[in-house]
Amino acid sequence: MYLPPHDPHVDDPMRFKPLFRIHLMERKCATVECMYGHKGPHNGHIQIVKKDEFSTKCNQTDHHRMSGGRQEEFRTWLREEWGRTLEDIFHEHMQELILMKFIYTSQYDNCLTYRRIYLPPSSPDDLIRPGLFKGTYGSHGLEIVMLSFHGKKAKGTKITGDPNIPAGQQTVEIDLAHPLQLPDIENLRDFSELSRIVLEVQEQVRREEQEQEQRQEEEERSQQAASQPAASPLGEEGAEGEETAAGAEGTTQNKAPASQPFVLPMGVISRNEDYPRTCRICFYGTGLIAGHGFTSPERTPGVFVLFDDDRFGFIWLELKSFSLYSRIKVSFQNAEAPSREAFDEMLKNIQSLAT
C-alpha cells in the first residue's frame, strides 16, 4: 500500500507499507501471507475476481489484534497513519472524522478488493501533464486525486475517499474555457472581492448553458420539421463558433503566462500555509461537497489555481477552505516487487490451485 505523507505535507514522498506477499516454491505451488498487523506474516488467501480485479482475505485476523484492545490499536493507527497522538488533536470535529475513518478502515481486517488504476491519457494541449496528486482535505487529511483533461474541462477524481465524499467521485471540475483574472495582491486579500469575481463567472456560465440548451432545442425542432437539413447554416454557424471557442481555449492553454503574485484571501482556511506565492493562471471551477455518508451532494463554485507543472490548488468558496495538491512522482514499484506480467501469472497459478 502506498500511503500519502502525513498531513499537511503534500510535497513529502509517499510511504510504502506491505499488505500481503506471495511465495511460489515450485510450479503451481504457492502460499499467501497477510502482512497486516504487528505480529508478523500469517496465513492469507488471494482470489481473482475478474479482469483487473482481485481480492485478499486474512485467515488469522487475531494477528491484527493488540493486547491493549481497540484503544491501543487506534493510538497506533493514529501515530502511523497521521504522524500524531490523540493529545495533539484538539478540534472536536477533527477527532470525530478521524475516529470514523479508523472504524471504517479497520473493520475490513485486510479482507480487501483491489482494482487496477488506468492513468488518463496525455495530450500536448493539456494544461499540465495529467496523473495522480496528493491533496489536503481539511480534517480528513491527505487524499489521492487523479487529474484528467476532457476538452474544455479538467476533472479531479478521488482515488481515496472520506466519510463525506467517497472514492470514485469527481471532487473538482475545472472550466478551462473560463479563466479568471485575479485582482491585484491587495484586493485579493479581500474574500468578498474574490467571491464577487467568481460568482459573476458562475452566472455567465449559467447563461451560456441555457443558451446552448435553447440552440439545441431549436436545431432539433428544425430537423424534425424539415425533410432536409434546412437548419444547416445554423449548424455551421454553431460549429464555427465552437471551433473559435476551442481555438481561443487552445490559445489560453498553450500560452505560457507570466507568473503573478498569489495570496489566499483573509478568512480562507488552509491546512498548509507553505503554498506557493506565485501562480501561472486561474480558472473557474466547481467542487463537490456533501454531508456524512455522501448525503445531499452539491457542486459549489471555486477557483482552480495552477502554480507549476506539479502543483495546483482549489479555493472552495462556500467552505472558505483551500486545498493544495502536489504530484505523486513515485513509480509505484518496489525493488522486490514482480513485474505486472509476473504478478498476473502468480494470480493465475494461485487461482488454479483454488479450483
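Residues numbered from 1 in each chain as written. Predicted model: local features only at pLDDT ≥ 70, side-chain atom pairs only at ≥ 80, totals over all residues. Heavy atoms only, no water.

Per an unreviewed UniProt entry, the recorded name for the chain is FBX31 protein, and the organism is Pachyramphus minor. In its Pathway (unreviewed entry) section, the UniProt record describing the chain reads: "Protein modification; protein ubiquitination." (UniProt positions renumbered as here; feature names shortened; annotations may be inferred.)

1. Details of the environment of Lys158
Structurally, Lys158 can be placed in strand S10 (residues 153-158). With near-sequence residues (within four places) excluded, Lys158 lies in contact with Tyr137, Glu143, Ile144, Val145, Ile165, Pro166, Ala167, Gly168, Gln169 and Thr171. Looking at Lys158, its side chain comes within polar contact range of the main-chain oxygen of Ile165, at 3.4 Å. (Helix = DSSP H or I, 4+ residues; strand = E, 2+ residues; numbered from the N terminus. Contact = heavy atoms within 4.5 Å. Polar contact = N/O pair within 3.5 Å; in protein donor to acceptor, adjacent residues only side chain to side chain.)

2. Details of the side chain of Asn110
With respect to the helices and strands, Asn110 occurs in the loop between helix H2 (92-106) and strand S7 (112-115). Given a relative accessible area of 5%, Asn110 falls into the buried group. (Buried < 20%, exposed > 50% of the residue type's maximum accessible area, 1.4 Å probe, protein only.)

3. Some words on the packing of aromatic side chains
Using the criterion set out here, one finds 18 aromatic pairs in the structure. Each ring, one from Phe20 and one from Phe54, has its centre 6.0 Å from the other, and the planes form 75°; the classification is edge-to-face. With a gap of 34 residues between them, Phe20 in strand S3 (residues 20-26) and Phe54 in strand S6 (residues 53-58) connect regions that are remote in the sequence. Residue class for Phe54 comes out buried when judged on its relative accessible area of 12%. Within the aromatic cluster, the residues linked to one another by ring pairs are Phe133, Tyr137, Phe283, Phe304, Phe312, Phe314, Trp316 and Tyr325. The lysine or arginine in question, Lys158, covers the ring of Tyr137, its NZ or CZ lying 4.5 Å from the ring centre. Residue placement shows Arg277 over the ring face of Tyr275; its charged tip is 3.8 Å from the ring centre. (Phe/Tyr/Trp six-rings, centres within 6.5 Å; stacked < 30°, edge-to-face > 60°. Lys NZ or Arg CZ within 6 Å of the ring centre and 35° of its normal.)

4. Comments concerning a negative patch on the surface
Side chains of Glu208, Glu209, Glu211, Glu213, Glu217, Glu218 and Glu220 sit close together on the surface and give a patch of like negative charge. Its location among the elements puts Glu208 in helix H4 (residues 191-225). (Patch = residues over 30% accessible without salt bridge, like charges linked within 9 Å, V, L, I, M, F, W, Y side chains within 5 Å. Areas by Shrake-Rupley, 256 points an atom, 1.4 Å probe, with all protein chains shown as cover. Salt bridge = Lys/Arg side-chain N within 4 Å of Asp/Glu carboxyl O. Lys, Arg positive; Asp, Glu negative; His and termini not counted. Charge placed at Lys NZ, Arg CZ, Asp CG, Glu CD.)

5. Considerations on helix H1 (residues 69-82)
In this model, H1 (14 residues) spans 20 Å end to end at C-alpha, consistent with the 20 Å of a helix rising 1.5 Å per residue. Here H1 has its buried residues at Glu73, Phe74, Thr76, Trp77, Leu78, Glu81 and Trp82. Where H1 terminates, the next one or two residues include Gly83, which has phi positive at roughly 70°. (Expected span 1.5 Å × (residues − 1).)

6. Thoughts on the nonpolar core
Ranked by size, the top nonpolar core spans 26 residues in total, and within it Leu180, Phe262, Val303, Ile315 and Phe322 carry the most contacts. The set of elements that each furnish at least two residues to this core consists of H4, strand S15 (281-291), strand S16 (295-308) and strand S18 (321-327). If you tally residues by element for this core, the top one is H4, at six residues. Core analysis: the second largest hydrophobic core is formed by 20 residues, Tyr137, Val145, Leu147 and Ile289 among them. (Core = buried A, V, L, I, M, F, W, Y, C linked by side-chain atoms within 4.5 Å.)

7. Regarding H4
Over its 35 residues, H4 extends 51 Å from the first C-alpha to the last, a length consistent with the 51 Å expected when each residue adds 1.5 Å. For H4, the complete set of buried residues consists of Phe191, Leu194, Ser195, Ile197, Val198, Val201 and Val205. Looking at the buried positions of H4, the neighbouring elements they touch are strand S11 (170-180), helix H3 (185-188), S15, S16 and strand S17 (311-316).

8. Structural notes on the environment of Thr300
Looking at where Thr300 falls in the secondary structure, it is placed in strand S16. Owing to a relative accessible area of 3%, Thr300 belongs among the buried residues under this scheme. In this structure, the C-alpha to C-alpha distance between Thr300 and Gly285, residues 15 residues apart in sequence, is 8.4 Å. Residues contacting Thr300, with those up to four places away along its chain left out, are Gly285, Thr286, Gly287, Ile289 and Glu318.

9. Remarks on the sheet that holds S3
Where strands meet in a sheet, backbone hydrogen bonds hold them as pairs that are either parallel or antiparallel. What the five strands build is an open sheet, ordered S3-S4-S5-S6-S7; its pairing is antiparallel. Both edges of this open sheet fall to S3 and S7, since each of them pairs with a single strand only. The mean angle between the axes of side-by-side strands here comes to 35°, regardless of whether they run parallel or antiparallel. (Pairing = 2+ DSSP bridges. Axes fitted to C-alpha atoms, helices over the stretch in contact; angles between N-to-C directions.)

10. Some details on unusual backbone geometry
The peptide bond linking Asp7 to Pro8 adopts the cis configuration, its omega dihedral lying at 5°. Mapped onto the fold, Pro8 is located in the loop between strand S1 (2-3) and strand S2 (15-16). Unusually for a residue other than glycine, Asp52 sits at a positive phi of about 65°. Here Asp52 shows up in the loop between strand S5 (42-50) and S6. The phi dihedral of Asp109 is positive, around 50°, even though this residue is not glycine. You can see Asp109 is positioned in the loop between H2 and S7.

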